[in-house]
Structures are given as structure tokens and as C-alpha cells.
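So the chains spell out like this:
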Amino acid sequence: MTRAIRYTEAQALQGHRAGFASRVVADFIDLAVAWLLGLSALVAAGLIGYLLTGPPFQLPVLPNWLDGSALGVVAVLYLTITWAATGRSVGKQIAGLRVVTQSGRRMPLWRSFVRAVLYVLFPVGLLWILASRRNASVQDLILRTAVLYDWAYHPAEDAHPGEEHR
Amino acid sequence: MERSGAMVQDGERALVPVASELAGTRTVPDGRVDVPRLLAAAAFGVAVEAQRRSLDAAAVVAGRLGRPLRALARPAVAVAEGSVAVARHHLDLDGWAERGLAEQRRAREVAARALGGLIATVVTAVLDEIDLDEVMARVDLDRIVRRIDPNQIAARIDLDTIVQRVDVGAIAERVDLDAIAARIDLDAIVQRVDLDAIVARVDIEAILARVDLPGLTEQVIDEVDLGEIIRESSSTMASETVDALRVQGMRVDGLVSRIVDRILQREGQRQTGPPVDELRR
């Protein structure tokens, strides 16, 4: 279901490479989503333990070394799946962005995974967007991907979401 | 004049004296006797009578001696015919005959004129005598009318021909419909209509019973997709918010890019076009 875009400036920029602000907002939202997912996983684990061991109900306490990396794992899983499926995570959905390869195709699963790992390990790579003439982050340069303004709806079966904007 | 007319008409045998004629002959309007006319008429009467009697005698003689005489006469007639031919040649018989015939014709014309006058006189006298009113009184009109067959008359009338000759358009033009309409009193007509009685005869219950209200209601609800309306409105609200956020993001993107480019003292715009286009180049 494609709905009409009422802003002419937004219409003109559809398919163009997104800038720094939009992408950072989207990534912060995704971070929040990943944190909520991790929290949900903890709550789910606590509930299961409660059901198995009985009261009292308490969230499982992860060891310190695992605490940070657990969030990272959740984030990598979340981003890999969403980017590979539709090219857009929840944050990118809200911001109206979509991740595609430089040829405008949907990213394959392995590239999504590598991209997600790189972002989780090296989020500072986003700053290169400011300097890049093509609004590319370090990860985009490595994996030859791009993030576009794309408000339109594309089903998961559509392998060429970016080609619409030629 | 009248005398010679009567003579020509009736011949010598029928010459019988008429009372009025004798009176006219014998007297003049003042009562005195018209002697010359009386004498002339008497002489004529005597001559006519003598002629008639001699003819009668001749007829009797001829009747008795007819055949032998005719047999004897044949040679004489032949002689006479021969002599007539001679006389005709020498004595100008044709001329005399012509004059005789002319005289005959003149006498006949005079007689015809006299007869016309006589008829007019007689008819006038007859008409004076007849009382037309009396005649009409004796005519039985009822009986005449009874013998008239209207159907037969009607059968003989060709109505089609008559109707074809009637100019309906001309008649219609002469009819003033406005004047007729103006003479119609609609108020009076409406006042005579009893609306209450008409309404009282309408069975509203029966009409309502024939209307399928539940069916109609279901149809209306089927037509209105409430779910679709709710979805539309909620998604519209959500998308409006999201669109506003996205556009703000785009504007900030552009602003940040320009600031950075100015700091880096770059010239020209960023190449942020669709990646597919880049691949083409």
C-alpha cells in the first residue's frame, strides 16, 4: 500500500542518500529497540525461571563481562534480520530510510550481518557521513551499501526497492 | 290575332265559338256593339263552315267511289303531274310556293306568340285562384317524414370526405384556451375534494408492513465499512506524525551537510543521488 507523499521536498528526495541527522536518529531508536529486546529477553528468562523454580520472581543477573556483549548480540541479531528482510529496522522505518546495496538491491543476509557487527563494534564510523560527499559511513564504504530516503512500502519479496527511484 | 291563333291550333273542325270571345267581339268596353268586327267574324265563320261541309261531302263521295275513282284517276293524275311539271316550268310555281310557305311560317309564328300569351294569362289566373296555405294544410308532413329512412341517408353521406375538408388547425387557432382556463375555478374544485377522507382511506400500517426495514438497515451497514473508516483515520493520523518527523529529519540532514561543507570549505553540492544512477555512469 503506497500512500501519497504530501511534501514536495520529501518527494524530490526519495531514493537519495540520507544525511547524518536522520541516520543517527534512526540508529538511536534502533539502539532503544535493541535494549528493549534485551530487557524483554531478560524478563522472559525471569518468567521462565519463576515458572520452573517458583517464587520469588527476579530478573536474571548477568555477569559483567556478558552484560554489555549481550546487548550487542541482541542488536546484531535484530539489525541483521530487519535489514536483510526489508532493508529497514524500526528506527529506519520511523525515519523513512532504507538500507540497500550500491546497485539498489536488497542486502543479502551475510552482508547485513557484517554490517550489523561493524556498527555495533564501531558506531563512530557513522561520523564519516559528515565528511563523505556521498553521505557514506565507514561501514557503507567497506560493504558498498547506501542508506536512502525511501518512504514507500516495499514488500519483502521486492528485491530491488531502490530501483524505483531511478 | 286571337282568332287566327285558335284557327291554327284547332283546325277548321274544332272551331267552336267561345263565349268570352263572342262577348269581346260584340261589345266594346262602354257596352256598345262593335259592328265592323262583328260582321268580319260572321263572314269568317260562314266561310269556315262552308269549307267544312264541302270537305265532309267530298269525303263521303270519296268513301263510296274510292277505288274505281282511284283507278280511273291514275291516268288523270299522270296527266296532271305532267301538266304540273309544264306549269311549274312556265308559270313560276316555285315562286308562288315560296310565297305560300313564307305566309305559312309567318302565321305559325304569330300563333306561337299568341299561345305563349294565352298560357301566361291562364297560369296567372289559376295561381290567383289557388290558396297555397290551404294546399299546404292538406299536406300530411308526418306521413312524409315517416317514409324517410335516416339510416339510408346516413349511409349515403361520406363522412370521411367531409372530415377531410375540415381545417382542424384553423379551428384550434380560433379557440382561446387561456380564456377557457381563466373561467375554470380551481379553488372551488379543490374545496370540493375531501382530503381527510382520502387520507383516512390510506392504510399506512399496510404500507409499512411491506417495507423491509431490517433488510434495508443491513444493506446500509454492509455498504458502510466501519472497520475501513477506522483504519483509514488512525493510519492517517499516524502517518501524518511520521511524515512530519521524516521531513524534519531531511531538513536537518541538509542543514548539517551544508554546515560541514562550509567548514571544510567544499565547493559544489554533495552527490547524494540514487546509487543506481551512479552505477550507470
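Note that the coordinates shown come from a computational prediction; the quantities given were computed from them, not determined experimentally. (Residues numbered from 1 in each chain as written. Chains lettered and ligands numbered in written order. Predicted model: local features only at pLDDT ≥ 70, side-chain atom pairs only at ≥ 80, totals over all residues. Heavy atoms only, no water.)

*Asks:* Can you explain the pattern of salt bridges? Please cite residues and give values.
*Replies:* Pairing between side chains of opposite charge can happen when the charged atoms of each approach one another. All chains considered together, the criterion is met by 11 salt bridges over all chains. Between Arg251(B) and Glu9(A) there is a salt bridge, with its nearest N and O atoms 2.5 Å apart. With Arg251(B) in helix α15 (residues 226-263) and Glu9(A) in helix α1 (residues 8-12), this residue pair bridges two chains. For Arg251(B), a relative accessible area of 39% gives the class partly exposed. When its relative accessible area of 34% is taken as the criterion, Glu9(A) is described as partly exposed. Among the charged side chains, a salt-bridge network with shared partners connects Glu49(B), Arg52(B), Arg53(B) and Asp56(B). (Salt bridge = Lys/Arg side-chain N within 4 Å of Asp/Glu carboxyl O. Helix = DSSP H or I, 4+ residues; strand = E, 2+ residues; numbered from the N terminus. Buried < 20%, exposed > 50% of the residue type's maximum accessible area, 1.4 Å probe, protein only.)

*Asks:* Residues and numbers for the nonpolar core, please.
*Replies:* In terms of nonpolar packing, the biggest core is built from 26 residues, with Ala10(A), Trp83(A), Leu97(A) and Trp151(A) touching the most fellow members. Going through the elements one at a time, α2 (20-53), α3 (64-85), β1 (97-101), α5 (109-121), α6 (128-131) and β2 (145-149) of chain A together with α15 of chain B are the ones with two or more residues in this core. With near-sequence residues (within four places) excluded, Ala10(A) lies in contact with Ile5(A), Trp151(A), Val247(B) and Met250(B). (Core = buried A, V, L, I, M, F, W, Y, C linked by side-chain atoms within 4.5 Å. Contact = heavy atoms within 4.5 Å.)

*Asks:* Tell me what's going on with the confidence of the model for chain B, and back it up with residues and numbers.
*Replies:* All names here are of chain B. Residue-level pLDDT values for chain B average 77, and 85% of them are 70 or greater. In the model of chain B, helix α1 (residues 2-10) stands out as the element of lowest mean pLDDT, 45, in contrast to helix α4 (residues 93-129), which has the highest, 88. pLDDT under 50 marks residues 1-15. Its contacts with residues more than four places away, or in other chains, come to 15 contacts. Contacts for the low-pLDDT stretch residues 277-281, under 50 throughout, to residues beyond four places or in other chains number eight contacts. The complex prediction reports pTM at 0.46, with the ipTM value standing at 0.79. (pLDDT = per-residue confidence, 0-100.)

*Asks:* I'd like a description of helix α14 (residues 213-223) of chain B, backed by residues and values.
*Replies:* The buried fraction of α14(B) is low, at zero of 11 residues. N-cap assignment for α14(B): the residue whose side-chain oxygen lies 3.2 Å from the backbone N of Gly215(B) is Asp212(B). (Polar contact = N/O pair within 3.5 Å; in protein donor to acceptor, adjacent residues only side chain to side chain.)

*Asks:* Residues and numbers for the interface of chain A and chain B, please.
*Replies:* If you look at the interface, chain A gives 38 residues, while chain B gives 32 residues. Each partner contributes to the roughly 2900 Å² buried at the junction of chain A and chain B, and carbon and sulfur atoms together form 53% of this total. Linking chain A with chain B are one salt bridge, by the criterion used here. At the junction of chain A and chain B, the tally comes to 17 residue pairs in polar contact (both at pLDDT 80 or more). Secondary-structure elements contributing two or more residues to the side of chain A that touches chain B are α1, α2, α4 (90-95), α6 and β2 of chain A. (Buried area = accessible area lost by both parts, 1.4 Å probe.)

*Asks:* Just give me the short version of the packing of aromatic side chains, but keep the residues and values in it.
*Replies:* Tallied over the full model, the rule gives one aromatic pair over all chains. Against the face of Trp83(A) rests Arg115(A), its NZ or CZ located 4.7 Å from the ring centre. The aromatic ring of Trp151(A) is capped on one face by Arg246(B), whose charged end is 5.3 Å from the ring centroid. (Phe/Tyr/Trp six-rings, centres within 6.5 Å; stacked < 30°, edge-to-face > 60°. Lys NZ or Arg CZ within 6 Å of the ring centre and 35° of its normal.)

*Asks:* Go over the pairing of β1(A) with me, naming the residues and quoting the values.
*Replies:* Residue and element names in this part refer to chain A. Of all five residues in β1, five are buried, a share of seventy percent or more. Burial along β1 is two-sided: Leu97, Val99 and Thr101 facing one way and Arg98 and Val100 facing the other are all buried. Relative to β2, β1 runs antiparallel, the two being bridged by five bridges. Its bridge partner being in β2, valine 99 is matched across the sheet by valine 147. (Pairing = 2+ DSSP bridges.)

*Asks:* Tell me about the packing of α2(A) against α15(B), residues and numbers included.
*Replies:* Contact pair α2(A) / α15(B): the axes reach a minimum separation of 6 Å and the direction vectors enclose 125°. As the angle between them shows, α2(A) and α15(B) are arranged oblique. Contacts between α2(A) and α15(B) involve Phe20(A), Ala21(A) and Ser22(A) from the first element and Gly249(B), Met250(B), Val252(B), Asp253(B) and Val256(B) from the second. Taken together, the residues of the contact of α2(A) with α15(B) sort by class into five nonpolar, two polar and one charged. (Axes fitted to C-alpha atoms, helices over the stretch in contact; angles between N-to-C directions. Parallel < 35°, antiparallel > 145°, perpendicular 65-115°, else oblique. Nonpolar A, V, L, I, M, F, W, Y, C, P; charged D, E, K, R; others polar.)

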